[in-house]
2 protein chains.
Amino acid sequence: MKAAVLYSGGKDSSLMAVFLQRLGYDVDLLTANFGVYSSFKPAKESADKLGFTHRVLKVEEQLLGNAASMILDDGFPNHGINYLHRQVLEVASSEYEVVADGVRRDDRVPKLSTEEIKSFEDRQDVEYINLSGFGHQTINRLAEKLFKLKKESTNPQNNSDYEIEIRHFIGQKDGKKAAESLFPPHIQSRVIGWREDESK
Amino acid sequence: MKAAVLYSGGKDSSLMAVFLQRLGYDVDLLTANFGVYSSFKPAKESADKLGFTHRVLKVEEQLLGNAASMILDDGFPNHGINYLHRQVLEVASSEYEVVADGVRRDDRVPKLSTEEIKSFEDRQDVEYINLSGFGHQTINRLAEKLFKLKKESTNPQNNSDYEIEIRHFIGQKDGKKAAESLFPPHIQSRVIGWREDESK
């Protein structure tokens, strides 16, 4: 059975992909793109290295604009990112019967409540799967075991999270400074391949 | 790495066992027993059919007594079962660094809150994993795909849930009628083996 995993090239969504594959799903990795900046490239690179099918999921720029407005109004990204993730899940569910992401137990954003998940599944006739059965310790340990990881500071060339296109969008409208203060660079672990003994 | 799965022989805990094995864990299936009735036998049978190591986790009868008192006071089993599950997790965590169960997204009992999980992991220096990333539709579909299942009405010979020993305990103290009204029989799906194409 087909399953789509919303994919950033990070540990969490990569683990979810492996997880579903080992349960027998035929997995497509999807990275949303709003047509503003080609931020999907690092995710596609990670997907290729792991041998998964990768697709760019085209989503209306309008939704990115809505998220950017929320973030500028709030002065912090949480609600805007949550909004965007829900929109992307909806788009993915129009093409797939099973849609998953790498949201884990201790994540706060993006995160759907149990009620939102139930509504999403019923409304779209889709099964939604995430990693909320796993805490960060377990995820880190499994990721170290399975993947070659690269720790580095985030920049627009090595990260496929929503924030890259949101930053770009806000930067174009309100200048780079506004964008950078909302999304300061941070250290990320990007998946750059399998550990030798795990590549099958 | 070793992982213990609290195991009943049902779909959920069987799926958790398979997940963890396919992620590379060396899985032991544990069924708690309080020394009152040998209710672990159906679970052991399912574990054997799937080829997993099965162990009976001996737990003090006193804890079963505490749960039975809670259930008789409340007039319904939820709090008592939740209490017992926590106690069993604690016992398992004294022997294993990773402890898992088959609790899924839409389960109500037994269930730990996110705060309880954090406290449990920190206090016992253990990683706890459950199936809360999965809803019942997904679990049912995966279980049908992987396992031979037997649908039947629960009885003391075919079920390894906590309720069997609790019923036995209450039955001895307060008579069979009291025990039966608290735990009416229901339809269960027991795992009785692999589907041919999934047995590895």
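Here the residue numbering is sequential within each chain, running from 1 through the sequence in written order. To label them, take the chains in the order written and letter them from A, then take the ligands in the order written and number them from 1. The predicted nature of this model means local features are confined to residues of pLDDT at least 70 and side-chain atom pairs, given and counted, to a pLDDT of 80 or more, with totals for whole chains, interfaces and linings taken over all residues. In computing side-chain values, all of the structure's heavy atoms are included and hydrogens and water are not.

(A) Structural context of the sheet that holds strand β4 (residues 98–104) of chain B. Residue and element names in this part refer to chain B. Between any two strands, pairing holds if DSSP finds at least two bridges. Counting from the N terminus, the helices are the DSSP runs of H or I reaching at least four residues and the strands are the DSSP runs of E reaching at least two. On the basis of which strands lie adjacent, the open sheet formed by five strands has the order β3-β2-β1-β4-β5 and parallel pairing. Of all strands in the sheet, those with a lone pairing partner are β3 (53–58) and β5 (127–131), marking the two edges. The average angle at which neighbouring strand axes cross in this sheet is 30°, direction not considered. Strand direction decides the pairing type here: strand β1 (residues 2–6) and strand β2 (residues 26–33), joined by five bridges, are parallel. The residue bridging Lys2 from the neighbouring strand is Asp26, located in β2. Between N-to-C directions, angles span 0 to 180 degrees; the directions come from axes that are lines fitted to C-alpha atoms, helices contributing only their stretch in contact.

(B) Region of the structure containing the interface of chain B and chain A. A contact between two residues is defined here by any heavy atoms of the two lying within 4.5 Å. Every contact between the two is made by 24 residues of chain B and, on the other side, 24 residues of chain A. The term buried area denotes the loss of accessible surface (1.4 Å probe radius) that occurs when two parts are joined, taken as the sum for both partners. Taken over both partners, the interface formed by chain B and chain A buries close to 2,400 Å², and the fraction arising from carbon and sulfur atoms is 52%. Area buried by chain B at its contact with chain A is led by Leu23(B), Arg105(B) and Glu127(B), which between them contribute 28% of it. A pairing counts as a salt bridge when a side-chain nitrogen of Lys or Arg comes within 4 Å of a carboxyl oxygen of Asp or Glu. Where chain B touches chain A, the interface holds four salt bridges. Close ionic contact of Arg141(A) with Glu127(B) constitutes a salt bridge, the shortest N to O distance being 2.4 Å. Residues adjacent in sequence count toward polar contacts only when both atoms are side-chain atoms; beyond that, a polar contact is any pair of N or O atoms within 3.5 Å, and within protein one must be able to donate a hydrogen and the other to accept it. At the junction of chain B with chain A, the criterion picks out 14 residue pairs in polar contact (both at pLDDT 80 or more). Sorting the residues of the side of chain B that touches chain A by element identifies α1 (11–22), α5 (114–124), β5 and α6 (136–146) of chain B as the ones contributing at least two each.

(C) Expanded view of the sheet that holds strand β2 (residues 26–33) of chain A. Residues and elements named next belong to chain A. Spatially, the five strands line up as an open sheet ordered β3-β2-β1-β4-β5, and their pairing is parallel. The open sheet is flanked by β3 (53–58) and β5 (127–131), the only strands paired with a single partner. Strand-to-strand twist in this sheet, taken as the mean axis angle between neighbours without regard to direction, amounts to 30°. As defined by bridge partners, strand β4 (residues 98–104) adjoins β5 across four bridges and the pair is classed as parallel. By the bridge assignment for β5, Val99 is matched with Tyr128.

(D) Fine view of the relation of the copies chain B and chain A. Superposing copies: least-squares fit, C-alpha atoms only, residues required to have pLDDT of at least 70 in both. Turning chain B through 180° and shifting it by 0.0 Å along the axis lays it on chain A, with an RMSD of 0.0 Å. With respect to symmetry, the two chain copies, as superposed, fit the operation of a two-fold axis. Taken together, the interface assignments show that 100% of the residues at the interface of chain B recur at the interface of chain A, consistent with an identical surface on both copies.

(E) Quick look at the pattern of salt bridges. Counted under the stated rule, the structure contains 32 salt bridges over all chains. Between Glu196(A) and Lys148(A) there is a salt bridge, with its nearest N and O atoms 3.3 Å apart. You can see Glu196(A) sitting in the segment after β7 (187–194) and its partner Lys148(A) sitting in strand β6 (residues 147–153), a full 48 residues away along the chain. Judged by its relative accessible area of 35%, Lys148(A) falls in the partly exposed class. Across the salt bridge formed by Glu45(B) and Arg190(B), the nearest N and O atoms sit 3.8 Å from each other. Residue Glu45(B) is found in helix α2 (residues 41–50), and its partner Arg190(B) is found in strand β7 (residues 187–194); the two are separated by 145 residues along the sequence. We classify Glu45(B) as partly exposed; its relative accessible area is 45%. When salt bridges that share partners are traced, they join Asp12(A), Arg104(A), Asp106(A) and Asp107(A) into one network. Type-normalised accessible area, obtained with a 1.4 Å probe on protein chains alone, sets the label of each residue: buried when under 20%, exposed when over 50%, and partly exposed for intermediate values.

Read these as spatial facts, not as claims about activity.
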